[in-house]
Amino acid sequence: MTLAGWIIMGSSVTAVLMLVSFCLYRVLTLPNVDVDRLHGPSDIDTRDTQNAD
Amino acid sequence: MASATGREHWGSRIGVILAVAGSAVGLGNFLRFPGLAAQNGGGAFMLPYFISLLVLGIPLCWAEWTMGRYGGTRGFNSAPGVFTVVWRHPLAKYFGGLALMIPMVIYMYYVLIEAWCLGYALSYLTGEMTQPNQNFSQFFNQFVGIEEDGALLAPQNRMRLLGFGLVFVLNFVLIYRGVSKGIELLCKFAMPLMAVLAIIVLVRVLTLGAPDPSKPEQTVVAGLGFMWNPNAEKLWDPATWLAASGQIFFSLSVGFGIIVNYASYLKRNDDIALSGLTSCSVNEFFEVCLGGLITVPAAFIFLGDQAAQFTGSTFGLGFNALPNVFARMWGGQFFGFLWFFMLFLAAITSSVSMLQPVIAFLEEGFGLRRHASVALLGLITALGCGYVAYFSKGLVALDTFDFWVGSVMILLLALVQSILYGWALGIERGHKEAHQGAHIRIPWFVQLMLKYMVPVYLLAMLIPFCVNNVPKYALTISKDPVALGSILFLAVILAFLLVMIHIAGKRWTADGRFAQLDLEERKKGEATL
């Protein structure tokens, strides 16, 4: 195997391994939040404004 | 998993990523890629390969994910509906016919190859493949019935027929269970198992040393050199660039109509930017890090320069060269079983994904329940599978299906999708939509590439591909009655799908589904003003 062959094989495999590791790390470390169950302040009806006048 | 609205959704983020990656990882990663690389300049092939990945593969994946979720959040899971949401034109839904036909027809022959893989794995278990003086070329020819039509129905092939039927049914059992409990569950188990099996075989190959003392030059390092040593002259050959682009394209399952369907089950704030990139990178891991280090080096270590004669054929490399390798390797029976079982897993995670786009269309186009849509699709695909399995002589039916649908139509659909994304949805809207809930940023130049470069690139691939191959296949159709029958079969399927799409479109219009979407978007626009 030539030096160029080693370099290309090493760099190809390393690049792919780095990319897949980065992506899987990001995916697996994200908080598992179901967005549909989250409510922002504007979504929560506290009914305290119904008789504001 | 069905939501409160009754629509199906993925159960987890990693689940959808593994499902898309499972759909993409198939026999091509382990058999087609190494053969193409070895034939087209070895290591030099990786330059056009990675350029194609960055310019064509990943951007097109993002476009498909974006359009899929865009259509899904507006109530459509099938390509005819999604395309009409993206491009409000009466013709848009008919282009979706390509995205139904491609996975359905590919399933018709892919499930047969899947059954071969399982059959080979079982033959290793029973010791049939490790008998002394086994002629693997002859074994393959008999196994697939290449010498005469209807060979699968011969009395001595009853077990193969049974195996084929079981694999066919297994796919439908999985798809019947739904997106989350069927596809996602399968991929969550099968993908890690596939990686483990491939790594075990890889370790075995890389520790072979020089197994034949009479041929000390046939070592692991020489095998890796056979695959990876660059031949820079090949970079000046346009065929190398065409082969690299084609491999990226087929490997990532771009233009199959599957990603659009899968992404349509995402919720509005589910990430697609990171998920799309992750599924591409998982596919590349299987292709470059495993496929690139196992298949061709192993073939060279045992077969020497003879390995070159197998690199041009996926079936030759997978079902002829590698059994020769396992026959000469210590523990070959065990490693042969692992290898072909791994190929079976790669195939089933792909084949099961090919059924879902049509199931989704039947459900939302005609209001069918899951059992009815699965039964109808089962009937249609059983006819197609039966046709391909029966006309096995020379694998003409399989080859005809693969060329016209598995090659030409895929390029056409990708072209349609890139134009829909870049010019109908618009790159500004696409960019904004892609970043809804995104965990990484997609650079703006990707959108520019999708609008201007990708369609041109695809046309540049499609035209020479057709010029080089269509005349040969057209000649085959004129001479071979099975090839002609196959084309007629495909024409009937396409006509049937177009009629179904027409009826579904009328139902959607009568139900006011698009008018309601238009109204909602007008309200949103007024609110923004």
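As a reminder, the structure under discussion sits directly above these lines.
Residues numbered from 1 in each chain as written. Chains lettered and ligands numbered in written order. Predicted model: local features only at pLDDT ≥ 70, side-chain atom pairs only at ≥ 80, totals over all residues. Heavy atoms only, no water.

S.K.: Now, about the overall build of chain B: what can you tell me, with residues and values included?
M.R.: A count of helical and extended segments in chain B gives 19 helices and 0 strands. The globule rule puts the C-alpha radius of gyration for 529 residues at 24 Å, and the 23 Å found for chain B is close to it. Its C-alpha atoms put chain B at 80 × 50 × 45 Å along the principal axes. Burial analysis of chain B (529 residues in total) assigns 62% to the buried set. At a minimum sequence separation of 6, the contacts of chain B that also span at least 24 residues come to 83%. Surface accessibility of chain B: about 19800 Å² in total, with carbon and sulfur atoms responsible for 66%. Between the mean site of the 33 positive side-chain charges and the mean site of the 29 negative ones, chain B shows a separation of 8 Å. (Helix = DSSP H or I, 4+ residues; strand = E, 2+ residues; numbered from the N terminus. Rg over C-alpha atoms; globule rule 2.2 N^0.38 Å. Buried < 20%, exposed > 50% of the residue type's maximum accessible area, 1.4 Å probe, protein only. Contact = heavy atoms within 4.5 Å. Areas by Shrake-Rupley, 256 points an atom, 1.4 Å probe, with all protein chains shown as cover. Lys, Arg positive; Asp, Glu negative; His and termini not counted. Charge placed at Lys NZ, Arg CZ, Asp CG, Glu CD.)

S.K.: Break down the packing of helix H1 (residues 13-24) of chain B against helix H8 (residues 178-206) of chain B for me, with residues and values.
M.R.: Residues and elements named next belong to chain B. Direction vectors running N to C along H1 and H8 enclose 75°, while the axes themselves pass 8 Å from each other. By the angle between their axes, H1 is roughly perpendicular relative to H8. Contact residues: Ile14, Gly15, Leu18, Ala19, Ala21 and Gly22 in H1; Ile183, Glu184, Cys187, Lys188 and Met191 in H8. Residue composition of the contact of H1 with H8, grouped by class: 7 nonpolar, 2 polar and 2 charged. (Axes fitted to C-alpha atoms, helices over the stretch in contact; angles between N-to-C directions. Parallel < 35°, antiparallel > 145°, perpendicular 65-115°, else oblique. Nonpolar A, V, L, I, M, F, W, Y, C, P; charged D, E, K, R; others polar.)

S.K.: I'd love a proper account of the environment of isoleucine 146 of chain B, names of residues and values included.
M.R.: All names here are of chain B. Tracing the backbone shows isoleucine 146 in the loop between helix H6 (136-144) and helix H7 (158-176). Along the chain, isoleucine 146 and phenylalanine 391 lie 245 residues apart, while their C-alpha atoms are 8.9 Å from each other. Isoleucine 146 has contacts with Asn141, Ser392, Lys393, Gly394 and Leu395, leaving out every residue within four places of it along the chain.

S.K.: Kindly report on the interface of chain B and chain A, identifying the contributing residues and their values.
M.R.: The partner chain A presents 23 residues to the 27 residues of chain B that form the contact. Contact between chain B and chain A buries roughly 2200 Å² in total, counting both sides, with carbon and sulfur atoms accounting for 79%. Between the two partners, chain B and chain A, sit 0 salt bridges. For the interface between chain B and chain A, the tally reads 2 residue pairs in polar contact (both at pLDDT 80 or more). Looking at the side of chain B that touches chain A, the elements that each hand over two or more residues are H1, helix H3 (46-72), helix H9 (220-228) and helix H12 (273-303) of chain B. When residues in the side of chain B that touches chain A are grouped by element, the largest group, 10 residues, is from H12 of chain B. Taken together, the residues of the side of chain B that touches chain A break down into 17 nonpolar, 7 polar and 3 charged. (Buried area = accessible area lost by both parts, 1.4 Å probe. Salt bridge = Lys/Arg side-chain N within 4 Å of Asp/Glu carboxyl O. Polar contact = N/O pair within 3.5 Å; in protein donor to acceptor, adjacent residues only side chain to side chain.)

S.K.: Explain the side chain of serine 351 of chain B to me, using residue names and the numbers behind them.
M.R.: Residues and elements named next belong to chain B. On the secondary structure map, serine 351 appears in helix H14 (residues 332-366). You can call serine 351 buried: its relative accessible area is 0%. At 3.3 Å, the side chain of serine 351 and the backbone oxygen of isoleucine 348 are in polar contact.

S.K.: For helix H5 (residues 92-126) of chain B, give the residues involved together with the corresponding values.
M.R.: All names here are of chain B. Across its 35 residues, H5 extends 52 Å between first and last C-alpha, which sits within 8% of the 51 Å expected from 1.5 Å per residue. Along its length, H5 shows its largest kink, about 35°, at methionine 108. Taken across its 35 residues, H5 has 30 buried, putting it largely inside the fold. Phi for glycine 127, located one or two positions after H5, is positive at around 90°. (Expected span 1.5 Å × (residues − 1). Bend = angle between axes of the 7 residues up to and from the residue.)

S.K.: Please set out unusual backbone geometry residue by residue, giving values where relevant.
M.R.: All names here are of chain B. Of note, asparagine 133 is a non-glycine position whose phi angle comes to about 60°, a positive value. As for its placement among the helices and strands, asparagine 133 is situated in the loop between H5 and H6. The phi dihedral of serine 253 is positive, around 60°, even though this residue is not glycine. In this fold, serine 253 is placed in the loop between helix H10 (238-251) and helix H11 (258-263). In this structure serine 253 comes out as buried when scored by relative accessible area, which is 4%.

S.K.: Let's hear about the environment of leucine 252 of chain B: which residues, and what values?
M.R.: Residues and elements named next belong to chain B. As for its placement among the helices and strands, leucine 252 is situated in the loop between H10 and H11. On the basis of relative accessible area, leucine 252 is assigned to the buried category, the value being 3%. With 226 residues separating them in the primary sequence, leucine 252 and glycine 26 have C-alpha atoms 9.6 Å apart. Beyond its immediate chain neighbours, meaning those up to four positions away, leucine 252 contacts Ala24, Leu53, Gly57, Ile58, Cys61, Ile259, Cys280, Asn283 and Glu284.

S.K.: Any chance you could break down the pattern of salt bridges for me, citing the residues and the numbers?
M.R.: Residues and elements named next belong to chain B. Evaluation of the coordinates by the stated rule reveals 6 salt bridges over all chains. In this structure, arginine 160 engages glutamate 128 in a salt bridge whose closest nitrogen and oxygen atoms are separated by 3.8 Å. Residue arginine 160 is located in helix H7, and its partner glutamate 128 is located in the loop between H5 and H6; the two are separated by 32 residues in the primary sequence. The salt bridge partner of glutamate 433 is arginine 268, with a shortest N-O separation of 3.8 Å. Here the residue glutamate 433 occupies a position in helix H16 (residues 396-434), and arginine 268 occupies one in the loop between H11 and H12, the gap between them amounting to 165 residues. Overall, glutamate 433 belongs to the buried group, its relative accessible area being 6%. Assessed through its relative accessible area of 37%, arginine 268 is described here as partly exposed. Look at the salt bridges and you will find they share partners, linking Arg69, Arg268 and Glu433 into a network.

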